[in-house]
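Here is how the chains run, residue by residue.
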Number of protein chains: 2
Amino acid sequence: MLPTSREKILDVAEARFAQRGYAGVGLREVAEAAGLGKSSLFHHFPSKAALYGAVLDRVLERIELRMNRALEASRDVRAQISDAVIGLIDTLAEDPPAARLLLRTVFEDDDVSPGEAPELAAADRRLEALIARVARVITEGIAAGAIRPISVPDAIQTLIGATVYPFASGEFGEKLAGEIFSADAIARRKREVLGLIEHGWLRPIPRGEMS
Amino acid sequence: MLPTSREKILDVAEARFAQRGYAGVGLREVAEAAGLGKSSLFHHFPSKAALYGAVLDRVLERIELRMNRALEASRDVRAQISDAVIGLIDTLAEDPPAARLLLRTVFEDDDVSPGEAPELAAADRRLEALIARVARVITEGIAAGAIRPISVPDAIQTLIGATVYPFASGEFGEKLAGEIFSADAIARRKREVLGLIEHGWLRPIPRGEMS
DNA sequence: GTCTATAAGGGGATAGAC
DNA sequence: GTCTATCCCCTTATAGAC
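These notes cover the structure that comes with them. Since we're looking at a predicted model, the values are computed, not measured.

1. Describing the relation of the copies chain A and chain B
Relative to chain B, chain A is turned by 180° and slid 0.0 Å along the rotation axis, the superposed coordinates differing by an RMSD of 0.1 Å. These values place the two chain copies in the arrangement generated by a two-fold rotation axis. Looking at the interface residues of chain A, 100% of them are also at the interface in chain B, so both copies use one shared face.

2. Overview of the interface of chain A and chain B
The interface of chain A with chain B comprises 58 residues on the first partner and 58 residues on the second. Taking both partners together, chain A and chain B bury about 5,900 Å²; carbon and sulfur atoms supply 60% of that area. If you look at where chain A meets chain B, you find 14 salt bridges. Put simply, A:R188 and B:D154 hold a salt bridge, and the shortest N to O gap is 2.5 Å. Along the contact surface separating chain A from chain B lie 38 residue pairs in polar contact (both at pLDDT 80 or more).

3. Regarding the protein's contact with DNA strand C
Around DNA strand C, 16 residues are found, and the nearest of them are A:L27, A:S39, B:G37, B:S40 and B:H44. Put simply, 53% of the atoms of DNA strand C that lie within 4 Å of the protein are in sugar or phosphate. For the surface near DNA strand C, the secondary structure elements donating two or more residues are α2 (27–33) and α3 (38–44) of chain A together with α3 (38–44) of chain B. Ranked by residues supplied to the surface near DNA strand C, first place goes to α3(B) with four residues. Here the surface near DNA strand C is built from residues that sort into four nonpolar, nine polar and three charged.

4. Section: the protein's contact with DNA strand D
Every one of the 16 residues lining DNA strand D counts as a neighbour, but A:G37, A:H44, B:L27, B:K38 and B:S39 are closest to it. Of everything in DNA strand D that lies within 4 Å of the protein, sugar and phosphate atoms constitute 50%. The separation between a phosphate oxygen of DNA strand D and a polar side-chain atom of A:H44 is 2.7 Å. Here a base nitrogen of DNA strand D and a side-chain polar atom of B:K38 are 3.2 Å apart. Per-element accounting of the surface near DNA strand D gives the leading share, four residues, to α3(A).

5. Quick word on helix α4 (residues 48–72) of chain A
Here α4(A) contains 25 residues, and its C-alpha end-to-end distance of 35 Å stays within 8% of the 36 Å for a straight helix at 1.5 Å per residue. The element α4(A) is largely enclosed, with a buried count of 18 among its 25 residues.

6. So, the side chain of B:S169
Its place among the elements puts B:S169 in the loop between α8 (152–168) and α9 (170–177). When its relative accessible area of 0% is taken as the criterion, B:S169 is described as buried. In contact with B:S169, other than residues within four places in its own chain, are A:V106, A:Q157, B:R100 and B:I180.

7. As for the packing of aromatic side chains
Under the counting rule described, the total for this entry stands at nine aromatic pairs over all chains. A ring pair is formed by A:F107 and B:F107, whose centres lie 5.9 Å apart and whose planes are at 15°; its orientation type is stacked. Placement of A:F107 in helix α6 (residues 97–107) and of B:F107 in helix α6 (residues 97–107) is noted, with the two residues assigned to different chains. Looking at B:F107, the relative accessible area reads 1%, which means it is buried. An aromatic cluster of three or more residues is present, and its members are A:F17, A:Y22 and A:Y52. Positioned above the aromatic ring of A:Y22 is the side chain of A:K48, whose terminal nitrogen or guanidinium carbon lies 4.6 Å from the ring centre.

8. Concerning the pattern of salt bridges
When the charged atoms of two side chains lie near each other, side chains of opposite charge can form a pair. A full pass over the atoms with the stated rule returns 44 salt bridges over all chains. Taking the shortest distance from any N to any O, the salt bridge between A:E14 and A:R58 comes out at 3.1 Å. Of this pair, A:E14 sits in helix α1 (residues 5–20) while A:R58 sits in helix α4, placing them 44 residues apart in sequence. B:R62 is the partner of B:D95 in a salt bridge, and the nearest nitrogen-oxygen pair spans 2.9 Å. Of this pair, B:D95 sits in the loop between α5 (77–94) and α6 while B:R62 sits in helix α4 (residues 48–72); the two residues are 33 residues apart in sequence, bridging distant segments of the chain. In this structure B:D95 comes out as buried when scored by relative accessible area, which is 12%. Residue class for B:R62 comes out partly exposed when judged on its relative accessible area of 32%.

9. Topic: α9(B)
All names here are of chain B. Every buried residue of α9 is accounted for by G170, F172, G173, L176 and A177. Take α9 and look down its axis: the buried residues cluster within an arc of 155°, on one side only. Opposite its buried face, α9 presents the exposed residues E171 and K175, each directed more than 90 degrees away.

10. Description of the side chain of B:Q80
One can find B:Q80 in helix α5. Ignoring sequence-local partners within four residues, the contact set of B:Q80 consists of B:A70, B:L71, B:A73, B:R75 and B:V137.

11. Side note on the environment of A:E29
Residues and elements named next belong to chain A. Assignment of secondary structure puts E29 in helix α2. A C-alpha to C-alpha distance of 48 Å links E29 and I147, two positions 118 residues apart in sequence. With residues near it in sequence (within four places) discarded, E29 still touches R16, R20 and G24.

Here is what the cut-offs are and how they apply
- Residues numbered from 1 in each chain as written.
- Chains lettered and ligands numbered in written order.
- Predicted model: local features only at pLDDT ≥ 70, side-chain atom pairs only at ≥ 80, totals over all residues.
- Heavy atoms only, no water.
- Least-squares fit on C-alpha atoms with pLDDT ≥ 70 in both.
- Contact = heavy atoms within 4.5 Å.
- Buried area = accessible area lost by both parts, 1.4 Å probe.
- Salt bridge = Lys/Arg side-chain N within 4 Å of Asp/Glu carboxyl O.
- Polar contact = N/O pair within 3.5 Å; in protein donor to acceptor, adjacent residues only side chain to side chain.
- Near = heavy atom within 4 Å.
- Helix = DSSP H or I, 4+ residues; strand = E, 2+ residues; numbered from the N terminus.
- Nonpolar A, V, L, I, M, F, W, Y, C, P; charged D, E, K, R; others polar.
- Expected span 1.5 Å × (residues − 1).
- Buried < 20%, exposed > 50% of the residue type's maximum accessible area, 1.4 Å probe, protein only.
- Phe/Tyr/Trp six-rings, centres within 6.5 Å; stacked < 30°, edge-to-face > 60°.
- Lys NZ or Arg CZ within 6 Å of the ring centre and 35° of its normal.
- Arc of directions from axis to C-beta.

This is the structure:
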C-alpha cells in the first residue's frame, strides 16, 4: 500500500508548508522529499498555489468529516458542542501539521487567497460551510436557553483560538506545557476547553461567603 | 516629531513581517517603504534576523509594560487576571500588526530561533519572564482557592489563543465577526474572554431544573 | 549614512526530449 | 510521467565610492 505519487506529494507538502509557511517552502524541497524532480511536480499540480490548496482542502475535509458526525446527532446542544470540540481536537492530534497549516493559512491571506487557485476556493467553501454549521448549533443553543446569550462569532473565534492554536504552538508550546501531541496533553486540552465552556476558570464562591 | 530612521524602519518592518511573514518579506520592500535603498538597511541592522528580532522585542516590550502594571498591583487575584487580559487586549488593539507578528513568530521557529541574532534572544528572554509572571499569579490564585485547580500551562495557552489569535485573524476574522479593530469588537473580545473565565458559556441550570 | 555595483544562489514556471 | 535545460526575477549580503 505505497501511497500514490499524488498522496505522497500531499503528505510531504503538508508537513513542509506547516513548518515553514507558503513563502518559506520551495517546490524543489517538496519534490525531492517526495522522490521527484522539481519540474515533475508541475505535472501533478499546475502551480504552487494549487498544491497548497489541495493540501489545505484535504485537511479541512478530515476535520469536516469528524465534526459533522458530532453535530449531526440530534441530541442535547451541550453534547453536540462537547463532541464537536473533542472531534476537532482528536483530528488535530492525529494530523500534527494540520493546526499550524490552518492558522498559517489564516495569516497568509495574500498568497493563498481563493482567487489564486480553484483548490483554494474549494477549501474556502468547505471551511465556510463548517463554520456556518457550528454557528447554527450555538445559536440554537442560546435560543433554547442552554447557552448564555454570548456573541456567536466571538465564541467561534475563542473556540478556534483555544483548540487550534495550542496544537500549532510548536517549540514554544512544548517549552511551556511539555509535549504537545502526547496522549496526556491531548486529554488535558479537552478538559481545559470543556471545563472552560462549562464552568470558567474561577471557583464558584461557596454559599455564605459572598462579600 | 518625525520618527528617526531606525524607528521608521521598525514601523514598516513590523507591518510587513506581520502581513507576509519572515520568509515572505524582502529587505528591498522594507527599505524602500522606509525611504531608503536596500543596502542602507544593513547599516542599521546587520541582518534580516536582527531586524526581525528588534521588531519583535519592541512589540513584547509594549505588552510587558502594560501587563506588568496589571500584575504588580497587590490586589485580588481575579482583578489581576482581569486587568492583565484587558491590558493585553488593549495593547494588541493599539498595535494591529502585533498579534499576527507574535503568532507568526511562534510558528516560524526555524527562521527566527534565538540563535540567529542577539535581538531575537533578547525578545525570547522578555517573553519568558512575562509568561513566568502570569504563571505565578495563576498558581497563587489556585493556592488561595480563588481559581479552580486547572493546569496552569494549559490555561496560559488558552489565554493566548483566546486573546492573541482573534486579533491576528485578518480577513478570515473580519468575514466571521466584522471589523477586528473597531471599538465594539475590542469590547466584545474583552467580554468574551472575561465572561468565559468567570462563567463559561453554559447557562447555569436554575434550581429545581436539574434532570 | 546613503548610494551603486556585484556576488552567489534560490524562487516559480515552461519547453521539449525520452 | 519523469527528466534536463532554460528563462527571468528576486533574495541576502558585501565592497567600496561619495
